[in-house]
Amino acid sequence: MQPSFVHLRLHTEFSLVDGIVRIKPLIKALADMNMPAVAVTEQSNLFSLVKFYRAALGQGIKPISGADVHIYNPDDPSSPYCLTLLVKNLNGYTTLTELISKSYQEGQHQGVPMVQREWIADNHNGLIALSGAMRGDIGRALLAENVDEAKRLAEGWSHLFKDSFYLDLQRVGKADEERYVAAAVDLAQQMDLPVVATNDVRFIRPEDFDAHEVRVCIHQGRVLDDNRRPKDYTNQQYLRSSEEMQELFADIPEALENSVEIAKRCNLELTLGENYLPDFPVPDGMTIDDYLIEMSRQGLEERFQQHSAFGSGSEEENRRVYYERLETELKVITQMGFPGYFLIVADFIQWAKNNSIPVGPGR
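Here the structure is a predicted model, which is why all the values come from computation and not from measurement.

How each quantity is defined
- By convention here, each chain's residues receive numbers from 1 onward along its written sequence.
- With the structure being a predicted model, the display of local features is reserved for residues of pLDDT at least 70 and the display and counting of side-chain atom pairs for 80 or more, all residues being used for whole-chain, interface and lining totals.
- To get the side-chain values, take all heavy atoms of the structure and skip hydrogens and water.
- A helix here means a DSSP run of H or I that spans at least four residues, while a strand means a run of E at least two residues long, and both kinds are numbered starting from the N terminus.
- Summary of the burial criterion: residues with accessible area below 20% of their type's maximum are buried, those above 50% are exposed, and those between are partly exposed, where the area comes from a 1.4 Å probe applied to protein chains only.
- Each residue after the first adds 1.5 Å to the expected span of a helix.
- Of all possible arcs, the one meant is that of the directions from the helix axis to the C-beta atoms.
- Here, residues are in contact when the closest pair of their heavy atoms is within 4.5 Å.
- Throughout this description, the term salt bridge denotes a Lys or Arg side-chain nitrogen within 4 Å of a carboxyl oxygen of Asp or Glu.
- Between the N-to-C directions of two axes lies an angle of 0 to 180 degrees, each axis being a line fitted to C-alpha atoms and, for a helix, fitted only over the stretch in contact.
- Throughout, the term roughly parallel applies to angles under 35 degrees, roughly antiparallel to angles over 145, roughly perpendicular to angles from 65 to 115, and oblique to all others.
- In a left-handed crossing the near helix is turned counterclockwise from the far helix by less than a right angle, and in a right-handed crossing that turn is clockwise.
- Residues are grouped as follows: nonpolar covers Ala, Val, Leu, Ile, Met, Phe, Trp, Tyr, Cys and Pro; charged covers Asp, Glu, Lys and Arg; every other residue, Gly included, is treated as polar.
- Patch definition: residues above 30% relative accessible area lacking any salt bridge, with like charges linked at up to 9 Å and the nonpolar side chains Val, Leu, Ile, Met, Phe, Trp and Tyr linked at up to 5 Å.
- Areas reported here follow the Shrake-Rupley algorithm with a probe of radius 1.4 Å; residue values treat only the protein chains shown as occluding.
- Pairing between two strands requires that DSSP report at least two bridges joining them.
- Throughout, nonpolar core names a set of buried Ala, Val, Leu, Ile, Met, Phe, Trp, Tyr and Cys residues whose side chains join them through atoms within 4.5 Å.
- Under the rule applied, a polar contact is a pair of N or O atoms within 3.5 Å (in protein, one hydrogen donor and one hydrogen acceptor; residues adjacent in sequence only if both atoms are side-chain atoms).

J.: Honestly, unusual backbone geometry in this entry has me stumped. Any pointers?
T.: Of all residues except glycine, most have a negative phi; of all peptide bonds, most are trans. Even without a glycine there, the phi angle at glutamate 145 is positive, about 60°. Tracing the backbone through its elements, the reader meets glutamate 145 in the loop between α5 (137–143) and α6 (147–160). Judged by its relative accessible area of 64%, glutamate 145 falls in the exposed class. With phi around 60°, serine 356 is a residue other than glycine that occupies positive phi space.

This is how it looks when you write it as C-alpha cells:
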C-alpha cells in the first residue's frame, strides 16, 4: 500500500532547546501508525543520528537524516532564518556535517551557530532543502507582503538546489499561518515550485505540550507563568497520523504526496561498529609503529635525565626494568593497531601544555 504522508521535520530531546521526543517511543509510535519512514531534523546538530538510525532500522522504518539550520540574517543577526536540510546519500551526510561544524566554528552569533548562505552555495552536494515555512526567508518575505523579494529568494534557492527545493507548508495553529500558506501556494504556482507539508514535530502526543513548554522555559531562563515569554510553539506540533495530515491538507494533496517522494529520494547507508582514526603524519621512511616506538623511547630517556630510575638495584638494572615494561606496552599497542590513537592524544595534550592549559592525570 502506498504511504500517504511522511514526517520530514521533527526534533527529539537531542535538540536540547525545543524537543522532548525520545527515540524508542518515537519508533514505537511510528510503527503503531504504520508509517514507513521519518526524518529527524535536530536543531543545528546530528547528535541523535546513530541511535535513531539503529532504532528505526530495527523496526523496519526508513531513517532519514537531516537538520534544521539557522541561516545568518545580515539585516538582523539576532533573528536568523530557518532552513531544513535533508540528506539524500552519504555525500549529503558529509556535506551536512561540514556545514554544521563550520556553523559552530566560524558562524556563532550570540552563542547561536549560524550558516552563511555562501557556505551552502559552495557546498550543497547531496542535500534536499525545505524552505523553513514562516521562519524561512521566503516565508518572512511573504508575510511582509514583499512578493518580489520572496520570488527573488525562491529563485536563488531553487537554482541552488536543482529539483531539490520545496516550499514548506505547516498548519499547527500559529498566527498568520493560513495567510502564509495561501501566499506560499500562490508563489509555488507562479514559479512552478513543489510544496511539502510538515508538522514541525516537537513531542509525540498532544498532552505532552506542557512538558515541552517546561523544556523551552529552561532553555530561555524563564518561568511558565511569565506573560512576557515568547510563545513559539503550539499544542498541535505532535506526531500527527497520516489520516490527520490528510484531513488537514485535503485542499493541497500534492503537499502530502511530495513528503513521500522526498522520503523515497533519501537513502543514507551508514557503516556502524567500525572505528576510524585520522592518519597521523610521520616522517618519511617510518611507519606509524616505528614513530610511536621512537618517540616513546625518547620520552622515557628524557624522564631519566630528570629523575633517577626507581628500584632496589643499580641504576642500570632499574632502568632495564622500565625499558622492558615500555617494550611490553608498545608491543600490545602495536598489535592492537592503536599507535595512531596514542599519537593523536599525545599531540593535543602536548599542545595544551605548550599553551599553559592544565592537563589532568589519566591512564
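J.: What am I meant to see in the environment of asparagine 146 here?
T.: For asparagine 146, the location among the structural elements is in the loop between α5 and α6. For asparagine 146 and arginine 265, which are 119 residues apart along the polypeptide, the C-alpha to C-alpha distance reads 32 Å.

J.: Got a minute to help me understand helix α3 (residues 90–106) in this structure?
T.: Side chains three or four residues apart in an α-helix point the same way, a direct result of the helix having 3.6 residues per turn. Taking 1.5 Å per residue, 17 residues should reach 24 Å; α3 reaches 24 Å between its end C-alpha atoms and fits that length. For α3, every residue scored as buried is listed here: Gly92, Thr95, Leu96, Leu99, Ile100 and Ser103. Down the axis of α3, the buried side of the element spans an arc of 125°, and every buried residue falls inside it. Residues of α3 that are exposed and angled more than 90 degrees away from the buried face: Gln105 and Glu106. In this fold, the buried residues of α3 make contact with β2 (62–71), β3 (81–87), β4 (108–109), β5 (112–113), α4 (117–122) and β6 (127–130).

J.: What am I meant to see in the pattern of salt bridges here?
T.: Side chains that differ in charge, positive against negative, can pair when their charged atoms come close. For the structure on display, the rule yields 24 salt bridges. One salt bridge connects arginine 229 with glutamate 213, and the closest N-O pair in it is separated by 3.1 Å. On the criterion of sequence distance, the pair formed by arginine 229 in the loop between α8 (209–220) and α9 (242–248) and glutamate 213 in helix α8 is long-range, its members being 16 residues apart. Among the ionic pairs, arginine 319 bridges to glutamate 301, the shortest N-O distance being 3.1 Å. In this pair, arginine 319 is assigned in helix α12 (residues 315–335) and glutamate 301 in helix α11 (residues 288–306), connecting sequence segments 18 residues apart. Because the salt bridges share partners, they merge into one network encompassing Arg9, Asp18, Asp68, Asp168, Asp200 and Arg202.

J.: I keep staring at the environment of valine 282 and nothing clicks. Help me out?
T.: Structurally, valine 282 is set in the loop between α10 (253–265) and α11. Separated by 65 residues in sequence, valine 282 and cysteine 217 have C-alpha atoms that sit 51 Å apart. Leave out the neighbours within four places in its chain, and valine 282 touches Thr287, Ile288 and Tyr291.

J.: Explain the packing of α11 against helix α13 (residues 339–354) here, please?
T.: Each packed pair of helices is defined by two parameters, the angle between the axes and the distance between the axes. Orientation of α11 relative to α13, taken along the N-to-C sense of each, is 50°, at an axis distance of 9 Å. Here α11 lies oblique to α13, going by the angle between them. The handedness of the crossing between α11 and α13 is left-handed. Along the contact surface, α11 presents Ile288, Asp289, Tyr291 and Leu292, while α13 presents Pro339, Gly340, Phe342 and Leu343. Class assignment for the residues of the contact of α11 with α13 results in six nonpolar, one polar and one charged.

J.: Sorry if this is basic, but what is going on with a nonpolar patch on the surface here?
T.: On the surface, Leu277, Val332, Met336, Phe338, Tyr341 and Phe342 cluster together to form a nonpolar patch covering roughly 560 Å² of accessible area. Residue placement: leucine 277 occurs in the loop between α10 and α11. By relative accessible area, which is 45% here, leucine 277 ends up partly exposed.

J.: When you look at the sheet that holds β6 in this model, what are you seeing that I'm missing?
T.: As a general point, the strands of a sheet are linked pairwise by backbone hydrogen bonds and lie either parallel or antiparallel. Ordered in space as β1-β2-β3-β6-β7-β8, the six strands form an open sheet in which the pairing is mixed. Each having just a single partner strand, β1 (37–43) and β8 (195–197) make up the two edges of the open sheet. This sheet shows a mean twist of 35° between the axes of neighbouring strands, independent of strand direction. As judged from the seven bridges shared by β1 and β2, these two strands associate in the parallel manner. Within the sheet, the bridge partner assigned to glutamate 42 lies in β2 and is alanine 67. Most of the contacts of α3 go to β3, to which it runs at about 150°, and overall it touches β2, β3 and β6.

J.: Mind showing me how you'd approach the nonpolar core here?
T.: If you look at soluble globular proteins, the nonpolar side chains tend to sit buried side by side. Counting 64 residues, the largest nonpolar core has Leu83, Leu85, Ile138 and Leu169 as the members making the most contacts within it. The element contributing the most residues to this core is helix α7 (residues 177–191), with six residues. The contacts of leucine 169, once residues within four sequence positions are left out, are Tyr180, Ala184, Val185, Val195, Val196, Ala197, Thr198, Phe249, Ile252 and Ala255. Membership of the second largest hydrophobic core comes to 14 residues, among which are Ala37, Leu86, Leu130 and Tyr166.

J.: Would you explain the side chain of asparagine 199 in this entry?
T.: Relative to the helices and strands, asparagine 199 resides in the loop between β8 and α8. Its relative accessible area of 0% is what places asparagine 199 among the buried residues. A distance of 2.8 Å separates the side chain of asparagine 199 from the side chain of arginine 240, its partner in a polar contact. With near-sequence residues (within four places) excluded, asparagine 199 lies in contact with His7, Arg171, Val172, Gln236, Gln237, Tyr238, Arg240, Met245 and Leu248.

J.: What am I meant to see in the environment of methionine 191 here?
T.: Note on placement: methionine 191 falls in helix α7. Look past the residues within four positions of methionine 191 in its chain and what remains in contact with it is Lys151, Ala154 and Glu155.

As far as function goes, none of this settles anything; it's purely spatial.
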